[in-house]
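# Commentary on secondary and tertiary structure
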Amino acid sequence: MQFFRGVMGGQIAGPQPSGAETIQKLCDRVASSTLLEDRRDAVRALKSLSKKYRMEVGTQAMDHLINILQTDRSDSEILGYALDTLYNIICNDEEEEQDENAQKGADDLGAQFTDKFIQDPEHITLLLTLLEEFDFHVRWPGVKLLTALLKNQGVQVQGIILVSPMGVSRLMDLLADSREVIRNDGLLLLQQLTKGNAAIQKIVAFENAFERLLDIITEEGSSDGGIVVEDCLLLLLNLLKNNSSNQNFFKEGSYIQRMKPWFEVGDDNSGWSAQKVTNLHLMLQLVRVMVSPVNSPGASASCQKSMYQCGLLQQLCTILMATGVPADILTETINTVSEVIRGSQVNQDYFASVNAPSNPPRPAIVVLLMSMVNERQPFVLRCAVLYCFQCFLYKNQKGQGEIVATLLPSTIDANSISAGQLLCGGLFSADSLSNWCAAVALAHALQDNLTQKEQLLRVQLATSLGKPPVSLLQQCTNILSQGSKVQTRVGLLMLLCTWISNCPIAVTHFLHNQENVPFLTAQISENLGEDERLVQGLCALLLGICIYYNDNSLENYTKEKLKQLIEKRIGKENFVEKLGFITKHELYSRAAQKPQPVFPSPEQMLFDHEFTKLVKELEGVITKAVHKSTEEEKKEEEVKKTLEQHDNIVTQYKELIREQDAQIQELKEQAASMASQNEQMQTTLTQQLSQIQQHKDQYNILKLKLGKENQSQPTSQGEGSQMNGLQTEELSQLREELEELRKQHSLLQTQLSDKVALISTLKSEAAQTADGPAGGSDNTELLQELEALRSQVQSQSTEITQLKTERQDLLRKAGAVSSDTVPTSDGSLDAAKMAELEGRLAAQTSETERLEEELKRLSGSRAELEQQLASSTSTVAILQTERSKLQTEVQESKKEQDDLLMLLADQDQKIHSLKQKLKDLGETVEDEDDLDARDQTDDDDEEDEDED
């Protein structure tokens, strides 16, 4: 214990050990002591020596301290001492008072110890595990140690944490710690963790970081909060900058709407604290990150829309027009509003409607332009106003027209200051920076807008009393020829190049002044110093534009004559070399990087971002145009015309194809509707056929029932003789009507049956014709007839053969008999028989010939039948139509028959009463008319029963 007292400040007699020896003994004690208290005291002693003897402690004790972290997890006090000691030897923040060389050595020492610590990735994993301990003396030193490791070797430590299971999630839990010290140091840790690592940034964002950080900002007082708000904003910038995934997540999570209260400032804006200025500056940067021009156009447009809808843009414009706002906040607010409205028509229209709180009210654009052309305003503020004006006109033809309209004679109001008046005043003022800013601003009012380029040619300026007004174009060239400052001439040349490019009318106006072309050629051909090279290059560009966009309307300055002038006075190679001076300038590449004009000093403000795009577009085509001959230009024009004609033809065909597609689509829809109608009609037809069949069945059943009833009733022929005259006439009339209806019905049924049979026959014949000849016949009846003829011919041929055989026998017998001298009666009989047989044979032969001829005739008629069959198949559709008509007629006749049957049913009772009277008189009626009447009456009774 005396040893520890000596270390902790006690007095011990004898020589004092050196620091290295003391540290060695303490390390031995840490490694060899079995008691926890001894190890704890030794680690505490190392902690006290770690700042003074950083090298020695780090070299000798690091492994022992890491071992303590692994083995003594149960004692939070020794863990805290070990973590504090490691932090002291790794961290470089305690060396602030040392000189530069000493600080550099300390940084190298911290990096060396960090490399030693992270050689084994398990050490970082162990540290992440210790951060789960809730004990303050363990968690807080662990947070500080991990932060120091990230500061020294951020990329390596980030890689280890990224692959560690739940590594980032454990660190996100620090934001939920109720102890502000740990939470605030956790913010610093996450700042270091998310620097330059998109994967970790995404994980942190999806661990609900946005919600937690915005809650902390609100709890700490938003812009009026302290340094904790600043740390939260820095972490948000790390998560959102150049990370499109997190930006989209931030927008979709409706976090943009939560930014609006940050920018609510009161009327009294005096006495802002430095922390509030810093916080508000970071908040504005956060808004700019979401709508930065480097983002994808779609993402920026959606964020711009959200900012307008939630009122954030309106709040920024309020700050813009407020009084007492610090200059740097005002400058950053102008830059922020610029990017929120850039390329968004809705936001640009709103900004155009904003008025400054002055008497009388003036548009915000006019107030800002007044600051831009005022040389007493800060340089950064003037640059911000120029950027705001450029963003207001970016892809905004409506705004461009409004600005140019303020310059036209018909719209000038002498009682108010307009944007056009301010731009003209700045363009011709004595301040070169105002000249440049006004020229660039006016060029943006003409960017990609042919209409406004032509309208600006109408602008007339009154230079002095008693002299006629001159055009704005002429005044610009006059100032150029007077030899003003380089910055002024560069601005005017950029304005002229933008103005006349892609505008042949403006080129004609420019060439109409006889002094312009000689001035340009003189400027290009001279050998001037380095400062004038840029002016020479811009003059070459302007002359090249006059050649490229020349419509040859001026005889003295056609394309060919201008090229000859260049070749004689300048030389083509020299011209191209001077043209290349623009892109070779050191400030050209800086301006081409981003739209915002950011310059270290006013003297370096020479190039505009949009103008660099124009130079890149025109440099190559101007070089080709200068080197081309007249024949090549003619060929090129012919090719252009051919291409235009081809494009017109292609366009016409495209339109024709679109029309045909529309027609095809319409026909498809009609076909689909007709198909559906056909299906409905088929369904209806099937239903009607089934109903007809049901009525037929019912009619047959009723007929059978009436027949049975008629058999049981007595009949007599004399029944009708007893009727009076009126009843007999009525009965006869009814019988005649009934008989006529029966005949009509039978006729219709016969016609219908014949038509159905004919259609069936034609269908079968068509099917046989489609299948082709199978047994040498195309028709069943024709086959049967031919087979019968063949069998008849065969039988007759057999009979003929037999007869021929008998004839031969008889001839032999006749020859034998003829040798006798005395004829007998038998010989005469045989001769007669032979004659008879010969007659029969001749008849059979003639019959055979007739049958063969008939067979030939039938074969000929077969072809005719085939033709008839082909024609009959074409009439099937017509017959089907007739069939449907006949079915309709049958239905109508059935309806009429039903009506007549109903009438007959009414007469049924009368007939029965008359029959009864005849029976009573003893008369009988046996004629067929009476029987038919009774059958019809029975049928009517069955119909009535069915209807009941």
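In this text, all values refer to a predicted model and were calculated from it rather than measured experimentally.

Let's shift gears to the overall build of the protein. Across its full length, the protein holds 42 helices and 5 strands. Put simply, the protein has 948 residues, and 43% of those count as buried. Across the protein, the fraction of contacts at a sequence separation of at least 24, relative to all contacts at a separation of at least 6, is 73%.

A word on a nonpolar patch on the surface. On the surface, a cluster of nonpolar side chains totalling about 370 Å² of accessible area is made up of I649, Y653, L656 and I657. Within the fold, L656 resides in helix α37 (residues 630-711).

A word on the confidence of the model for the protein. In this model, the protein carries an average pLDDT of 81, and 76% of its residues clear a pLDDT of 70 or more. The low-confidence segment residues 769-778 (pLDDT under 50) makes 12 contacts with residues lying over four places distant or belonging to another chain.

Let us now look at helix α4 (residues 54-71). The first and last C-alpha atoms of α4 sit 24 Å apart over 18 residues, in line with the 26 Å expected at 1.5 Å per residue. Where α4 bends most, the angle comes to about 60 degrees, and this point is A61. Listed as buried for α4 are R54, V57, G58, A61, M62, L65, I66, I68 and L69.

Where helix α7 (residues 122-130) meets helix α8 (residues 136-152), the axes come as close as 9 Å, and the angle between the chain directions of the two elements is 145 degrees. Regarding α7 and α8, the two cross each other, and that crossing is left-handed. Along its contact with α7, which presents I124, L127, L128 and L130, the element α8 presents V138, G142, L145, L146 and L149. A class-by-class count of the residues in the contact of α7 with α8 yields 8 nonpolar, 1 polar and no charged.

A word on unusual backbone geometry. The backbone of S254 shows a phi angle near 60 degrees, a positive value even though the residue is not glycine. If you trace the backbone, S254 turns up in the loop between α15 (244-252) and α16 (274-290). Positive phi values are uncommon outside glycine, yet N552 reaches one of about 60 degrees. With respect to the secondary-structure elements, N552 resides in the loop between α31 (530-548) and α32 (559-569).

Counting across every chain of the model gives 19 salt bridges. The salt bridge involving E77 is made with R40; its shortest N-O contact spans 3.7 Å. With E77 in helix α5 (residues 76-90) and R40 in helix α3 (residues 36-49), the pair connects residues that are 37 residues apart, well separated along the chain. Judged by relative accessible area, which is 15%, R40 ranks as buried. Across the pair D177 and R179 runs a salt bridge, and its minimum N-O distance is 3.0 Å. Residues D177 and R179 agree in their burial class; the two are buried. It is possible to trace a salt-bridge network through shared partners that takes in R40, D75 and E77.

Turning our attention to the packing of α4 against α5. Where α4 contacts α5, the two axes come as close as 9 Å, and the packing angle between them is 145 degrees. The hand of the α4/α5 crossing is left-handed. Residues R54, V57, G58, M62, L65, I68 and L69 of α4 form the contact with α5, whose own contacting residues are I78, L79, A82, L83, T85, L86, N88, I89 and I90. Split into classes, the residues belonging to the contact of α4 with α5 amount to 12 nonpolar, 3 polar and 1 charged.

Now for the environment of D84. Mapped onto the secondary structure, D84 falls in helix α5. Among the residues examined, D84 registers a relative accessible area of 15% and is labelled buried. Not counting residues up to four positions away in its chain, the partners in contact with D84 are K47, P141 and K144.

Once that is clear, we can look at a negative patch on the surface. A cluster of acidic side chains, namely E889, E892, E896, D898 and D899, defines a negative patch on the protein surface. Along the chain, D898 falls in helix α41 (residues 876-921).

Another aspect to go through is the packing of aromatic side chains. The final tally for this structure, using the stated rule, is 11 aromatic pairs. Look at W436 and F599: their rings are 6.3 Å apart centre to centre, the planes differ by 85 degrees, and that puts the pair in the edge-to-face class. Here the residue W436 occupies a position in helix α25 (residues 432-446), and F599 occupies one in the loop between α35 (586-591) and α36 (609-627), the gap between them amounting to 163 residues. F599 carries the same exposure label as W436, and that label is buried. An aromatic cluster is present here, built from F206, F210, F249, F250 and Y255 joined pairwise through their rings. Geometry around W140 places K144 over its ring, the cationic atom sitting 3.9 Å from the centre. The ring of W272 carries the charged tip of K276 above its face, separated from the ring centre by 4.6 Å.

Now for the side chain of T558. Mapped onto the fold, T558 is located in the loop between α31 and α32. Apart from the residues within four sequence positions on either side, T558 is in contact with N550 and N552.

A separate point is helix α17 (residues 297-309). Two residues of an α-helix separated by three or four positions point the same way, owing to the 3.6 residues in each turn. In a regular helix each residue adds 1.5 Å, so 13 residues correspond to 18 Å; α17 covers 18 Å between its end C-alpha atoms and thus fits that length. Turning to α17, its buried residues number three or more, namely S300, C303, Q304, S306 and M307. Within α17, the buried residues cover an arc of 165 degrees as seen down the axis, which keeps them to one side. Facing away from the buried side of α17 by more than 90 degrees, the exposed set consists of P297, G298, K305 and Q309.

Before going further, it helps to examine the environment of E532. Within the secondary structure, E532 is located in helix α31. Separated by 42 residues in the primary sequence, E532 and V490 have C-alpha atoms spaced 9.9 Å apart. Every residue in contact with E532, bar those within four places of it in the chain, is listed here: V486 and R489.

Moving on, we come to the state of the cysteines. Considering all chains together, one arrives at 0 disulfides under this definition. Of all cysteine sulfurs, the one in C437 lies closest to C383, which takes part in no disulfide; the gap is 6.3 Å. The class for C383 is buried, based on a relative accessible area of 6%. C391 provides the cysteine sulfur closest to C388, a residue in no disulfide bond, and the two sulfurs are 6.9 Å apart. Of the residues examined, C388 reaches a relative accessible area of 1% and is grouped as buried.

Here we come to the side chain of K453. Secondary-structure assignment places K453 in helix α26 (residues 450-456). The side chain of K453 is buried and forms no salt bridge, while D448, the nearest opposite charge, is found at 6.0 Å. Polar contacts involving the side chain of K453 include one to the main-chain carbonyl oxygen of T498, which spans 3.2 Å. Residue contacts for K453: discarding those within four places in its chain leaves L446, T498, W499, S501, N502 and C503.

Here we take up the environment of P469. Following the sequence through the fold, P469 ends up in the loop between β3 (460-461) and β4 (470-471). Counting along the chain gives 10 residues from P469 to V459, while the straight-line C-alpha distance between them is 9.6 Å.

Basis of the calculations
Residue positions within a chain follow its written sequence, with the count starting from 1. The model is predicted, so local features are restricted to residues of pLDDT at least 70 and side-chain atom pairs to those at 80 or more, both for listing and for counting; the totals for chains, interfaces and linings are taken over all residues. Heavy atoms throughout the structure, all of them, feed into the side-chain values; hydrogens and water do not. Comment: elements are numbered from the N terminus, with helices defined as DSSP H or I runs of at least four residues and strands as E runs of at least two. Using a 1.4 Å probe on the protein chains alone, a residue whose accessible area is under 20% of its type maximum counts as buried, one over 50% counts as exposed, and one in between counts as partly exposed. The criterion used for residue contact is that any of the two residues' heavy atoms lie within 4.5 Å. Note that patches include only residues with greater than 30% relative accessible area and no salt bridge, and the join distances are 9 Å for like charges and 5 Å for nonpolar side chains (Val, Leu, Ile, Met, Phe, Trp, Tyr). Accessible surface is estimated by sampling points in the Shrake-Rupley manner with a 1.4 Å probe; for residues, cover comes only from the protein chains shown. Criterion for a salt bridge: a side-chain nitrogen of Lys or Arg within 4 Å of a carboxyl oxygen of Asp or Glu. pLDDT measures the predictor's confidence residue by residue and takes values from 0 up to 100. In a helix, the anticipated span is given by 1.5 Å times the number of residues less one. Fitting axes to the seven residues ending at a residue and to the seven starting there, one defines the bend at that residue as the angle between these axes. Axis definition: a line fitted to C-alpha atoms, limited for helices to the stretch in contact. Angles are taken between N-to-C directions and run from 0 to 180 degrees. Working rule for handedness: look at the near helix, and if it is turned counterclockwise from the far one by less than a right angle, call the crossing left-handed; if clockwise, right-handed. Following the grouping adopted for this structure description, the nonpolar residues are Ala, Val, Leu, Ile, Met, Phe, Trp, Tyr, Cys and Pro, the charged ones are Asp, Glu, Lys and Arg, and the polar ones are all others, Gly among them. Charge convention: Lys and Arg are scored as positive, Asp and Glu as negative, and His as well as the terminal groups of each chain are ignored. Positions of charges follow a simple convention, taking NZ of Lys, CZ of Arg, CG of Asp or CD of Glu. Within 6.5 Å between ring centres, the rings of Phe, Tyr and Trp (the latter by its six-membered ring) count as paired, and their orientation is classed by plane angle as stacked under 30 degrees, edge-to-face over 60, tilted in between. Should the NZ of a Lys or the CZ of an Arg lie within 6 Å of a ring centre and within 35 degrees of the ring normal, that charge is described as sitting over the ring. It is the directions from the helix axis to the C-beta atoms whose arc is reported. Cysteine sulfur atoms are paired as a disulfide whenever they fall within 2.5 Å. Pairs of N or O atoms are called polar contacts if they sit within 3.5 Å, as long as, within protein, a hydrogen donor faces a hydrogen acceptor (for residues adjacent in sequence, only side-chain-to-side-chain pairs).

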